[in-house]
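Fold and contact review
Here are the chains, one letter per residue:
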Amino acid sequence: MKAVILAAGLGSRLRPLTDDLPKCMVPVNGIPIIDKQLDNLLQNKVEEIYVVDGYKADILSQHLMSKYPQVKIINNQRYAETNNMYSLFLASEYVKSQEFLLMNADVYFDTCIIDGLLKDENQSKIACDCSKYLDESMKITVDGGRVNHISKQISEKDYYAVSIDVYRISSKDSTSLYEEIENTIIKNRDEKSWTEVALDNVFPRCDFRPYDIGGGRWFEIDNHDDLRLAEQLFLGDTLCER
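The text that follows walks through the structure, step by step, so that each part is easy to find.

Cut-offs used in this document
Residues numbered from 1 in each chain as written. Predicted model: local features only at pLDDT ≥ 70, side-chain atom pairs only at ≥ 80, totals over all residues. Heavy atoms only, no water. Helix = DSSP H or I, 4+ residues; strand = E, 2+ residues; numbered from the N terminus. Rg over C-alpha atoms; globule rule 2.2 N^0.38 Å. Buried < 20%, exposed > 50% of the residue type's maximum accessible area, 1.4 Å probe, protein only. Contact = heavy atoms within 4.5 Å. Areas by Shrake-Rupley, 256 points an atom, 1.4 Å probe, with all protein chains shown as cover. Phe/Tyr/Trp six-rings, centres within 6.5 Å; stacked < 30°, edge-to-face > 60°. Lys NZ or Arg CZ within 6 Å of the ring centre and 35° of its normal. 1 Å grid on protein atoms, 1.4 Å probe; cavity = no way out; pocket = protein on both sides within 12 Å on 5 of 7 lines; lining within 4 Å. Points joined across faces, edges and corners; volume = space filled by probe spheres on them. Nonpolar A, V, L, I, M, F, W, Y, C, P; charged D, E, K, R; others polar. Polar contact = N/O pair within 3.5 Å; in protein donor to acceptor, adjacent residues only side chain to side chain. Expected span 1.5 Å × (residues − 1). Salt bridge = Lys/Arg side-chain N within 4 Å of Asp/Glu carboxyl O. Arc of directions from axis to C-beta.

To continue, consider the overall build of the protein chain. Counting its regular elements, the protein chain contains nine helices and 13 strands. Relative to the 2.2 N^0.38 estimate, which gives 18 Å for 242 residues, the radius of gyration of the protein chain is 17 Å and therefore close to what a compact globule would have. A buried classification covers 54% of the 242 residues belonging to the protein chain. For the protein chain, the share of sequence-separated contacts (at least 6 apart) that also reach a separation of at least 24 residues comes to 74%. Of the roughly 10,900 Å² of accessible surface on the protein chain, 46% is carried by carbon and sulfur atoms.

This is the structure in structure tokens:
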């Protein structure tokens, strides 16, 4: 299994912490967010990992090369004028038409969530939290057991669950997803859309299933209030000793 971590964003709402660090390296109780994600993957024997960097790329690349030398770095030099769909587009040569895990680099979450995503052979899944409704998060709807819509604008009345921005993409659905991404970026010249826009467009011809994380903990960290709450939720958390 491969994995792609999208880590190009500015993290402007976490300033001044992100004046000197990329957003994904902001620490939660001393553990950088991206270190937690990499630890989650490596504990589950996912070792072919691609990180798409951008803002403060030199700092992130130095950190990864010293601590996680097996990680391959893809640089989005145009991070300030593009969005995360473009970052995923840059990983095309490594994962197009292949099965892979996908995640945004601002989510701190438990290792067990990766373990659950990896169950079932070659099945696309969206890790989701059925226990709460969050205005600022992506939500999904489901029809006949398959995910048929993802958007921040889905109402509480209509939603099935909140997406935690961690996905498993099957090899078949990877082909369809990249066809959609290439159509958006190359044909339509739209480089500022979210990856979820492409996902939403391919649901009619793909088979994405919701994966309820149950009691697994997660927190998307966009601002200082998020960071404070995440540190409370994950107090005492540690990385695996290797």
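We now examine the packing of aromatic side chains. Here the structure, examined in full by the defined rule, presents seven aromatic pairs. A cation over a ring is seen here: Lys 125 above Tyr 211, with NZ or CZ 5.7 Å from the ring centre. Above the ring of Trp 194, the side-chain terminus of Lys 152 is found at 5.9 Å from the ring centroid.

The next subject is unusual backbone geometry. With an omega of 10°, the peptide bond running from Arg 15 to Pro 16 counts as cis. Among the secondary structure elements, Pro 16 is positioned in the loop between strand 1 (2–7) and helix 1 (17–20). In this structure, Lys 45 is a non-glycine residue whose phi angle is positive, near 65°. Mapped onto the fold, Lys 45 is located in the loop between helix 2 (33–43) and strand 4 (48–53). The phi angle at Asp 165 is positive, at roughly 65°, despite the residue not being glycine. In this structure, Asp 165 sits in strand 11 (residues 161–169). Take Asp 165: its relative accessible area is 6%, and that puts it in the buried class.

Turning to the layout of surface pockets, a few remarks are in order. Empty space within the largest pocket amounts to approximately 740 Å³. For the largest pocket, the lining is made up of 29 residues, of which Gly 9, Lys 23, Asn 83, Asp 106 and Trp 194 are closest to its centre. Where the lining of the largest pocket is concerned, the elements lending two or more residues are strand 1 and helix 4 (84–90). Of the residues contributing to the lining of the largest pocket, the split by class is 10 nonpolar, 10 polar and nine charged. If you add up the space inside the second largest pocket, you get close to 260 Å³. Forming the boundary of the second largest pocket are Arg 13, Lys 132, Leu 134, Asp 135, Glu 136, Ser 137, Trp 218, Phe 219, Glu 220, Asp 222, Asn 223 and Asp 226.

Turning our eyes to something else, we now look at the side chain of Asn 76. Following the sequence through the fold, Asn 76 ends up in the loop between strand 5 (72–75) and helix 4. A relative accessible area of 1% places Asn 76 in the buried class. A polar contact of 3.0 Å, which involves the side chain of Asn 76, links it to the backbone nitrogen of Arg 78. Aside from chain neighbours lying at most four places away, what touches Asn 76 is Ala 8, Val 52, Asp 53, Gly 54, Thr 82, Tyr 86, Ser 87 and Leu 90.

In this section: helix 7 (residues 171–187). Here helix 7 spans 23 Å end to end across 17 residues, near enough to the 24 Å set by a 1.5 Å rise per residue. All of the buried residues in helix 7 are Asp 173, Ser 174, Ser 176, Leu 177, Tyr 178, Glu 180, Ile 181, Glu 182, Thr 184 and Ile 185. Of the residues flanking the end of helix 7, it is Arg 189, one or two places downstream, whose phi is positive at about 55°.

Now for the pattern of salt bridges. Evaluated as defined, the whole model comprises 21 salt bridges. Close ionic contact of Glu 81 with Arg 78 constitutes a salt bridge, the shortest N to O distance being 2.9 Å. For Glu 81, a relative accessible area of 42% corresponds to the partly exposed category. Residue Arg 78 is classed as partly exposed on the basis of its relative accessible area of 28%.

Taken residue by residue, helix 3 (residues 57–67) has Ala 57, Leu 60, Ser 61, His 63 and Leu 64 as its buried positions. Down the axis of helix 3, the smallest arc covering the buried residues is 160°, so these residues share one side. Exposed and oriented more than 90 degrees from the buried face of helix 3 are Gln 62, Met 65 and Ser 66. In this fold, the buried residues of helix 3 make contact with strand 1, helix 2, strand 4 and strand 5.

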